[in-house]
Amino acid sequence: ESDLDRALKLVDAALEQVPEHPYFHETRAQILLKQTNYKDAIIHFERSLRAEAIRQQVHEGLSEAYAALGQSALAEEHKQFAARYREQAANPAEP
């Protein structure tokens, strides 16, 4: 059993306890992405988008997954979203 398989089991157990937790979905998506299971990774990335703090990395993951599936327009769209969140993080609005 690989480290990724073990990690997937752990995050699945966490999701059984808290099924809609966006951070757990993002973690599961990252594991699936590393396992080249792009379609399932996209599903879990999308479920994690409501967590504002991780939207940049979620959009980066979505971009990578869509690119791997040959969906370059969607990949570019999510790349642009990620860049926008990265820019906002670097230059937070002043109160």
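Residues numbered from 1 in each chain as written. Predicted model: local features only at pLDDT ≥ 70, side-chain atom pairs only at ≥ 80, totals over all residues. Heavy atoms only, no water.

*Asks:* Let's hear about the pattern of salt bridges: which residues, and what values?
*Replies:* In total, this model carries four salt bridges according to the counting rule given. Between Asp3 and Arg6 there is a salt bridge; the shortest N-O distance is 2.1 Å. Placement of the pair is Asp3 and Arg6 together in helix α1 (residues 3–17), with a separation of three residues, close to one helical turn. Residue Arg6 is classed as partly exposed on the basis of its relative accessible area of 37%. (Salt bridge = Lys/Arg side-chain N within 4 Å of Asp/Glu carboxyl O. Helix = DSSP H or I, 4+ residues; strand = E, 2+ residues; numbered from the N terminus. Buried < 20%, exposed > 50% of the residue type's maximum accessible area, 1.4 Å probe, protein only.)

*Asks:* Give a detailed account of helix α3 (residues 38–48), specifying residues and quantitative values.
*Replies:* Every buried residue of α3 is listed here: Ala41, Ile42, His44, Phe45 and Ser48. For α3, the elements touching its buried residues are α2 (22–34) and α4 (55–68). (Contact = heavy atoms within 4.5 Å.)

*Asks:* Can you lay out the nonpolar core for me, pointing to particular residues and giving the numbers?
*Replies:* One recurring pattern in soluble globular proteins is that nonpolar side chains are buried together. Of all hydrophobic cores here, the largest spans 16 residues; its most connected members are Phe45 and Leu62. Within the residue set of this core, elements represented by two or more residues are α1, α2, α3 and α4. Apart from the residues within four sequence positions on either side, Leu62 is in contact with Ile42, Phe45, Glu46, Leu49 and His78. (Core = buried A, V, L, I, M, F, W, Y, C linked by side-chain atoms within 4.5 Å.)

*Asks:* Which residues make up unusual backbone geometry, and what values go with them?
*Replies:* A positive phi angle, near 60°, is found at Thr36, a position not held by glycine. Along the polypeptide, Thr36 turns up in the loop between α2 and α3.

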